[in-house]
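Examination of the molecular architecture
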Amino acid sequence: MTPARTRLTTALRELRARTGLSLAGLAERTAYSKSSWERYLNGRTMPPRQAVQDLCRLAREPDGRLLALWEIAESEWSGRAGEAATPAPAPPGPRPRPRPREATRPTGAGRSTGSRRPTRRPTRGRGRLVAVLVSVCAVTVGGLTSALLLLPHREGEPRSSSSPPVAGPRCRGTGCEGQDPMHMVCGAGPETLTTHRTTSGARLEVRYSERCGASWARMWGTRVGDRLEMTAGGPTRRAEIQDDVDAESYVYTVMTATRPGDVVRACFRPAASDGGERECVDARVRPSGTSRPPSSQ
């Protein structure tokens with residue numbers, strides 16, 4: 001896949017995880033089948049523009065950024081970008097004007113011998129060249145603008161002073177109970193309390209947002225049927241790997257309210273076919289500024 005297709009596919013997977021819907025759930029809520037969504041989210045097929053808009057709607061995400069990325073990926077996939085970027089060969093130069101010929105037939109009395117002036121034909125090549133140059137400029141400017149808007153920002157990295165401020169969280173404390181951390185804008189710069197690698201090779205993390213006063217857990221490197229449970233002394237929050245798309249992405253639980261001093265427990269349950277045992281890891285929410293303990297491997 002091209003870099004733009006890879007970025008688009010990754011963004012679509014993140015949106016799909018945010019919706020919490022399975023492939024069958026997406027098929028029920030859109031005009032596209034379960035197998036079509038599997039191909040779109042695996043990057044095997046270029047999704048239609050409407051599919052991108054539908055997924056943004058289900059994830060309650062403004063579609064401007066995803067559609068800009070879709071435009072770049074679609075132009076590369078269809079070859080439009082390559083055609084616009086290849087200038088047409090320069091048209092041949094103007095032909096030398098033929099010298100006027102004298103009339104060979106005698107003219108009537110009182111009329112002088114005339115000469116024929118060649119008819120000048122309009123040059124079509126010049127108009128085509130101008131159109132191609134305008135297309136190249138438009139594609140280049142659009143691509144640069146979209147690329148600047150779509151540059152990834154890693155979690156925890158400070159944004160430059162020219163970047164727009166990060167939107168504040170949409171919940172706090174008990175108001176975050178059972179809510180999606182990404183939709184509530186709690187996933188911007190969270191703290192990783194601990195990381196654990198299971199015997200099956202899957203990894204899980206316990207995360208905490210000081211701004212939201214809430215924690216959640218996530219897993220990756222998993223197999224279909226793997227499950228994750230997380231609790232901090234209250235309700236148990238769960239997540240499960242339902243299909244191959246989940247297995248290739250981060251899958252996380254909803255949040256539970258926590259504060260410094262609380263102990264969060266995350267338990268990984270492998271798929272029944274693996275025959276593995278449940279593995280749990282505990283992490284304590286630390287006050288701001290406290291160093292992080294080493295992760296378990």
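Everything in this summary refers to the structure shown in the same document.

Quick notes on the rules
Sequence order as written defines residue numbering, which begins from 1 separately in each chain. The model is predicted, so local features are restricted to residues of pLDDT at least 70 and side-chain atom pairs to those at 80 or more, both for listing and for counting; the totals for chains, interfaces and linings are taken over all residues. Think of the side-chain values as coming from all heavy atoms in the structure, minus any hydrogens and water. Segments assigned H or I by DSSP are reported as helices when at least four residues long, segments assigned E as strands when at least two residues long, and all are numbered from the N terminus. Type-normalised accessible area, obtained with a 1.4 Å probe on protein chains alone, sets the label of each residue: buried when under 20%, exposed when over 50%, and partly exposed for intermediate values. What we call a nonpolar core is a set of buried Ala, Val, Leu, Ile, Met, Phe, Trp, Tyr and Cys residues that are connected through their side-chain atoms within 4.5 Å. Whether two residues touch is decided by their heavy atoms; if any such pair falls within 4.5 Å, the residues are in contact. Salt-bridge detection follows one rule: a side-chain nitrogen of Lys or Arg within 4 Å of a carboxyl oxygen of Asp or Glu.

Quick word on the environment of proline 47
Secondary-structure assignment places proline 47 in the loop between helix H3 (34-42) and helix H4 (49-59). Residue class for proline 47 comes out buried when judged on its relative accessible area of 5%.

Side note on the nonpolar core
Nonpolar side chains in soluble globular proteins tend to be buried together. Cys176, Cys186, Leu204, Met219, Met255 and Ala266 are the most contacted members of the largest nonpolar core, which totals 28 residues. Secondary structure elements with two or more residues in this core: strand S2 (203-209), strand S3 (214-220), strand S4 (227-231), strand S6 (251-252), strand S8 (263-269) and strand S9 (279-284). When residues in this core are grouped by element, the largest group, four residues, is from S3. If we skip the residues at most four places from it in the chain, methionine 219 touches Arg203, Leu204, Asp226, Arg227, Leu228, Ala239, Glu240, Ile241, Ser249, Tyr250, Val251 and Phe268. Ala11, Trp37, Leu55 and Leu67 belong to the second-largest nonpolar core, a separate cluster that totals 25 residues.

Describing the pattern of salt bridges
Enumeration over the complete set of coordinates arrives at 15 salt bridges. The partner of arginine 18 in a salt bridge is glutamate 61, and the shortest N-O contact between them spans 2.7 Å. In this pair, arginine 18 sits in helix H1 (residues 3-19) while glutamate 61 sits in the loop between H4 and helix H5 (64-78), placing the two residues 43 residues apart along the sequence. Note on arginine 18: relative accessible area 22%, which makes it partly exposed. A salt bridge links arginine 269 to glutamate 229; its shortest N-O distance comes to 3.0 Å. Here glutamate 229 lies in strand S4 and arginine 269 lies in strand S8, a separation of 40 residues in the sequence. Each of Glu229, Arg238, Arg269 and Arg278 takes part in one network of salt bridges that share partners.

A word on unusual backbone geometry
It is generally the case that most residues other than glycine have a negative phi and that most peptide bonds are trans. Notably, arginine 60 is not glycine yet its phi reads approximately 55 degrees, a positive angle. Here arginine 60 shows up in the loop between H4 and H5. A positive phi angle, near 60 degrees, is found at valine 185, a position not held by glycine. Mapped onto the elements of the fold, valine 185 is located in the loop between helix H7 (124-150) and strand S1 (191-197).

What to know about the environment of leucine 69
Looking at the element boundaries, leucine 69 is found in helix H5. Classification of leucine 69 as buried rests on a relative accessible area of 3%. Expressed as a C-alpha distance, the spacing of leucine 69 and alanine 11, which sit 58 residues apart in the sequence, is 9.3 Å.

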